[in-house]
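Okay, here's what each chain looks like letter by letter:
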Amino acid sequence: MSSTYGEKIKISVFGESHGNGIGVVIDGLPAGVKIDMDKVLVQMSRRAPGKDKTATPRKESDLPKVLSGMLGDTLTGAPLCAVIENTNTKSGDYGNLLNCPRPGHSDYTAYVKYNASNDIRGGGHFSGRLTAPIVFAGAICRQILEEKGIKIAAHIASIGNVNDKSFNPVSIDDKLINKLNNSSFALIDDSVEEKMRAEVESARLAQDSIGGTIECAVSGIEAGIGEPMFEGVEGVIAKAVFGVPAIKGIEFGKGFELSKMRGSQSNDPFEYKDGKVVTKTNNCGGILGGITNGMPVIFRAGVKPTPSISKEQDTVDLQKKENAKLVINGRHDPCIVPRAVPVIEAVTAVAILNLL
Ligand SMILES: Cc1cc2nc3c(=O)[nH]c(=O)nc-3n(C[C@H](O)[C@H](O)[C@H](O)COP(=O)(O)O)c2cc1C
Ligand SMILES: C=C(O[C@@H]1CC(C(=O)O)=C[C@@H](OP(=O)(O)O)[C@H]1O)C(=O)O
């Protein structure tokens, strides 16, 4: 399985949603860096399940136990391994799914690829639960980035048809970054929270689910990071972002909107400001030719609606080889977007540290 990402900073994610635990090994971290574990726990808690009606009712404390790579609060340079226990599993909910794959989930493709030996309980290794160790890895990487003045923040850009404001693409306010980095329902404009929660609740009550988008910004990154072609900043970030289950799209800067513009509208004019080359707009999302231009790196990721819904759906019975009806039991997120925000920040931190 390809549960490993990165060459310079390599993360290997392991475990299953209903196994004993999940975790990550991080290789290549610099020795001697002091880690603030309280800050790591803030990130873990932002993603943790069971907090409110927009999330799965499965409650897990998601406390990481560090097995290696740290002495006291300092990184030793050896592989850093952290494990998180699974304490609240209800595997009986998955009994009727063994032969009847859920539309939209990985059940069918994993059944084919792993000859029906895959662990389907809670989505097994394909579960969104595996994003907990990813958030741990990201929380370590972002502390190293912050020492270099690089900060990462994301917010819920939309749920259904309800939109948050966007980042100011040329300058990301430190206070805003701090607010978003500490929020479990991260918004720039808090006045849309109620409408977004209502959108999720209406989908949940209709035995359905809903998707949305997440906007992420990297501030303080200097010009000249990245490579052309296949190791471009877009590609390196996109590969990490697509490792997050349920992400189906990504666009940098104005993204697909650029395809409808003229060059005179899409080009970001250069200017000198306080002796530094900057651009007046940031339609390219801080990346030209795969290389950072010194402006904030900005992208949006598209999150699909949660596949496990309680409405009856059509599927097949793989044993009987006939069509079947499926009713899914269990505790699912009616909307993945709010909990995926810290995950997107985390994978971005791992990607950027690799690029540096
Ligand atoms: C934080 C998070 C929570 C998720 N929660 C659920 C869930 O409760 N139920 C579900 O069916 N899928 C959930 N997913 C999505 C599935 O894991 C994902 O759709 C599935 O693995 C198939 O992968 P794909 O959508 O990327 O193709 C979650 C994903 C994330 C990132
Ligand atoms: C437990 C988490 O999310 C899980 C992600 C998930 C899925 O299919 O992705 C399915 C559900 O698992 P279960 O049926 O065991 O409750 C979610 O609760 C978590 O994120 O920590």
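Residues numbered from 1 in each chain as written. Chains lettered and ligands numbered in written order. Predicted model: local features only at pLDDT ≥ 70, side-chain atom pairs only at ≥ 80, totals over all residues. Heavy atoms only, no water.

**Side note on the site of ligand 2**
The immediate surroundings of ligand 2 are formed by 15 residues, with His-18, Arg-58, Tyr-94, Gly-128 and Arg-129 found nearest. Residue Thr-56 places a side-chain N or O atom 3.0 Å away from an oxygen atom belonging to ligand 2. Within the side chain of His-105, a nitrogen or oxygen atom sits 2.8 Å from an oxygen atom of ligand 2. Expressed as a share of its isolated accessible area of 470 Å², the protein-covered part of ligand 2 is 94%. For the shell around ligand 2, the per-class residue count stands at two nonpolar, eight polar and five charged. (Near = heavy atom within 4 Å. Polar contact = N/O pair within 3.5 Å; in protein donor to acceptor, adjacent residues only side chain to side chain. Areas by Shrake-Rupley, 256 points an atom, 1.4 Å probe, with all protein chains shown as cover. Nonpolar A, V, L, I, M, F, W, Y, C, P; charged D, E, K, R; others polar.)

**Structural notes on the packing of aromatic side chains**
Taken as a whole and judged by the stated rule, the model has one aromatic pair. Note on Phe-252 and Phe-299: the rings are 5.6 Å apart at their centroids and 45° apart in plane angle, and the pair reads as tilted. Taken as a pair, Phe-252 in strand β11 (residues 247-252) and Phe-299 in strand β16 (residues 297-303) lie far apart in primary sequence, 47 residues in all. Both residues of the pair, Phe-252 and Phe-299, count as buried. One residue, Arg-197, lies across the ring of Phe-185, its end atom 4.2 Å from the ring centre. (Phe/Tyr/Trp six-rings, centres within 6.5 Å; stacked < 30°, edge-to-face > 60°. Helix = DSSP H or I, 4+ residues; strand = E, 2+ residues; numbered from the N terminus. Buried < 20%, exposed > 50% of the residue type's maximum accessible area, 1.4 Å probe, protein only. Lys NZ or Arg CZ within 6 Å of the ring centre and 35° of its normal.)

**Some words on a nonpolar patch on the surface**
Where nonpolar side chains cluster on the molecular surface, the patch consists of Phe-270, Tyr-272, Val-277 and Leu-288 and spans about 470 Å² of accessible area. The exposure class of Leu-288 is partly exposed, given its relative accessible area of 43%. (Patch = residues over 30% accessible without salt bridge, like charges linked within 9 Å, V, L, I, M, F, W, Y side chains within 5 Å. Salt bridge = Lys/Arg side-chain N within 4 Å of Asp/Glu carboxyl O.)

**Quick word on the side chain of His-155**
Inspection of the secondary structure assignment puts His-155 in strand β8 (residues 151-159). Only 2.7 Å separates the side chain of His-155 from the side chain of Asp-164, close enough to count as a polar contact. Among the polar contacts listed, one links the side chain of His-155 to the side chain of Glu-215, at a separation of 2.7 Å. Setting aside residues no more than four positions away along its own chain, His-155 makes contact with Asp-164, Lys-165, Ser-166, Phe-167, Leu-180, Ala-186, Leu-187, Ile-188, Thr-213, Ile-214, Glu-215 and Val-341. (Contact = heavy atoms within 4.5 Å.)

**Quick look at the site of ligand 1**
With respect to spatial proximity, 17 residues lie near ligand 1, and among them Ala-246, Lys-304, Ser-308, His-332 and Asp-333 are the closest. Within the contact set of ligand 1, a nitrogen atom lies 2.8 Å away from a side-chain nitrogen or oxygen of His-332. One of the side-chain N or O atoms of Asp-333 is found 2.6 Å from a nitrogen atom in ligand 1. Out of a free accessible area of 630 Å², ligand 1 has 88% covered by protein chains. Here the shell around ligand 1 is built from residues that sort into six nonpolar, six polar and five charged.

**A few points about the UniProt feature "binding site: FMN" (unreviewed entry) in the chain**
Under the UniProt annotation, the feature "binding site: FMN" (unreviewed entry) is placed at His-125, Phe-126, Ser-127, Gly-289, Lys-304, Pro-305, Thr-306, Pro-307, Ser-308 and Arg-331. For the residues just named, distributed over 207 residues, the greatest C-alpha separation reaches 44.1 Å, placing them at more than one site. Along the polypeptide, Ser-308 turns up in the loop between β16 and β17 (313-317). Sequence-distant contacts of Ser-308, defined by excluding residues within four places in its chain, comprise Arg-102, His-105, Ile-328 and His-332. Among the polar contacts listed, one links the side chain of Ser-308 to the side chain of Arg-102, at a separation of 2.8 Å. Among residues more than four places away in sequence, those in contact with Arg-331 are Thr-56, Pro-57, Arg-58, Asn-88, Thr-89, Lys-90 and Asp-93. (UniProt positions renumbered as here; feature names shortened; annotations may be inferred.)

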